[in-house]
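Inside the fold
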Amino acid sequence: MEMSDQRLLDTKGPGHFIHTDPWRVMRIQSEFVEGFGALSDLGQAVSVFGSARTKPGSAYYDMGVEVGRKLAEAGVAVITGGGPGSMEAANRGAVEGNGVSVGLGIELPFEQGLNQWVDLGINFRYFFARKTMFVKYAQGFIVLPGGLGTLDELFEAMVLVQTQKVTSFPIVLLGAAFWGPMIEWITGTLVAEGMVSAKDLDLIQVVDSPEEAVNLVLHGHVRAPSTNGDQRPE
Ligand SMILES: C/C(=C\CNc1ncnc2c1ncn2[C@@H]1O[C@H](COP(=O)(O)O)[C@@H](O)[C@H]1O)CO
């Protein structure tokens, strides 16, 4: 009978095993270990989300630079997805403000690598491992205008607070004109149809200047986590 040790030591053929789920579990585990190891001494930090597509010189890009710079000047590390656009802008601001600039990159088919303003970079294969780092090592989120990726990160943060999976933390949306229609839809449709509690809107705050965003995320009132719905007494 062939023994496990023997099979392990004898294996010379194509590495089928590394494409199996148990092997993937090891890789997933290693992403958590690497992330926790790299970030556990980061100190105070804020995660900044926003479009991968904003161009240097655009208003949204400049907004990201300003946010990163102000966070850095307040002594707070900036964590982004490490990609282009508003992520790059926030990392750039962090460097220009002499702060700590963190990029949590993700393997994508159209990957461009970490932006040049990332000082502390980690690359992830798995979105869920990377998302854990955004939440675990940040005291708040600032969300710049963005698309599906940004919305995914925003709503995940809101759900984590709403369901009390994480201690409540500030989630600040920057750009009232951009976010206004979404807030109106949440109020006029989701709240009106009973899909979310009106109180859940308190999970987010919308502001128009990087200064306000940084102030709120660092010093703003953080509400107590809501119950998940309207069923419980106020
Ligand atoms: C689209 C392009 C490159 C994508 N590269 C990314 N690198 C790192 N992180 C990304 C990337 N794309 C999305 N993300 C994450 O989602 C948010 C931005 O997504 P959106 O759909 O652009 O709003 C961002 O916060 C990242 O965490 C080539 O231009």
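Placed above this text is the structure.
Residues numbered from 1 in each chain as written. Predicted model: local features only at pLDDT ≥ 70, side-chain atom pairs only at ≥ 80, totals over all residues.

**Remarks on the overall build of the chain**
Check the secondary structure of the chain and you find 8 helices and 7 strands. In terms of overall dimensions, the chain has a C-alpha envelope of 65 × 50 × 30 Å along the principal axes. Among the 234 residues that make up the chain, the fraction classed as buried is 40%. Across the chain, every contact between residues at least 6 apart in sequence was considered, and the portion connecting residues at least 24 apart equals 70%. (Helix = DSSP H or I, 4+ residues; strand = E, 2+ residues; numbered from the N terminus. Buried ≥ 20, exposed ≤ 12 C-beta atoms within 10 Å, placed from the backbone. Contact = placed C-beta atoms within 7 Å.)

**Describing the site of the ligand**
Near the ligand you find 21 residues, and of these Gly81, Gly83, Gly146, Gly147 and Gly149 are the closest. Of all the secondary-structure elements, those providing two or more residues to the shell around the ligand are β3 (101-106) and α6 (148-162). Counting residues per element, the shell around the ligand draws most heavily on α6, which supplies 4 residues. Among the residues forming the shell around the ligand, the class breakdown is 8 nonpolar, 11 polar and 2 charged. (Near = placed C-beta within 6 Å. Nonpolar A, V, L, I, M, F, W, Y, C, P; charged D, E, K, R; others polar.)

**What to know about the packing of helix α3 (residues 59-73) against helix α4 (residues 86-96)**
Contact geometry for α3 and α4: axes closest at 6 Å, N-to-C directions at 35 degrees. For the pair α3 and α4, the sense of crossing is right-handed. Together, Tyr60, Tyr61, Gly64, Val65, Glu66, Val67, Gly68, Arg69, Leu71 and Ala72 of α3 and Ser86, Ala89, Ala90, Asn91, Arg92, Gly93, Ala94 and Glu96 of α4 make up the contact between the two elements. Tallied by class, the residues present in the contact of α3 with α4 amount to 9 nonpolar, 5 polar and 4 charged. (Axes fitted to C-alpha atoms, helices over the stretch in contact; angles between N-to-C directions. Left-handed = near helix turned anticlockwise from the far one by under 90°.)

**Some details on the nonpolar core**
Membership of the largest hydrophobic core comes to 52 residues, with the highest contact counts inside it found for Val46, Val78, Ile142, Val143, Val172 and Leu174. It is α3 that provides the largest number of residues to this core, a total of 7 residues. Leave out the neighbours within four places in its chain, and Val143 touches Phe49, Gly50, Thr150, Leu154, Ile171, Val172, Leu173 and Leu174. (Core = buried A, V, L, I, M, F, W, Y, C linked by C-beta atoms within 7 Å.)

**Focus on the pairing of strand β5 (residues 140-143)**
Of the two faces of β5, the one lined by Gly140 and Ile142 and the one lined by Phe141 and Val143 are each fully buried. Bridge analysis of β5 against strand β6 (residues 171-174) gives 3 bridges, and the strand direction is parallel. Note that in β6 the partner of Val143 across the bridge is Leu173. (Pairing = 2+ DSSP bridges.)

**Focus on the packing of α3 against helix α8 (residues 210-219)**
Taken N-terminus to C-terminus, the directions of α3 and α8 make an angle of 40 degrees; their axes are 9 Å apart at the nearest point. When the interaxial angle is binned, α3 and α8 end up oblique. Relative to α8, α3 is oriented so that their crossing is right-handed. Listed contacts from α8 to Met63, Glu66, Val67, Lys70 and Leu71 of α3 are Pro210, Glu211, Ala213 and Val214. Taken together, the residues that form the contact of α3 with α8 break down as 6 nonpolar, no polar and 3 charged. (Parallel < 35°, antiparallel > 145°, perpendicular 65-115°, else oblique.)

**Regarding the environment of Ile79**
Residue position: Ile79 is located in strand β2 (residues 77-80). With 30 C-beta atoms packed within 10 Å, Ile79 lands in the buried category. Along the sequence, Ile79 and Gly194 sit 115 residues apart, while their C-alpha atoms lie 34 Å from each other. Residue contacts for Ile79: discarding those within four places in its chain leaves Ala45, Ser47, Val102, Leu104, Phe134, Tyr137 and Ala138.

**Things to note about α8**
All of the buried residues along α8 are Pro210, Ala213, Val214, Leu216 and Val217. With its buried residues spanning 165 degrees around the axis, α8 presents them on a single face. Projecting away from the buried face of α8 at angles above 90 degrees are the exposed residues Glu211 and His219. Those residues of α8 that are buried are in contact with β1 (45-49), α3, β5, β6 and β7 (204-207). (Arc of directions from axis to C-beta.)

**Regarding the sheet that holds strand β4 (residues 120-124)**
A sheet is described by the order of its strands in space; here 7 strands give the open sequence β4-β3-β2-β1-β5-β6-β7, paired in parallel fashion. Since the sheet does not close on itself, it has two edges, and those belong to β4 and β7, each with one partner. For this sheet, the mean angle separating the axes of adjacent strands, direction not counted, is 20 degrees.

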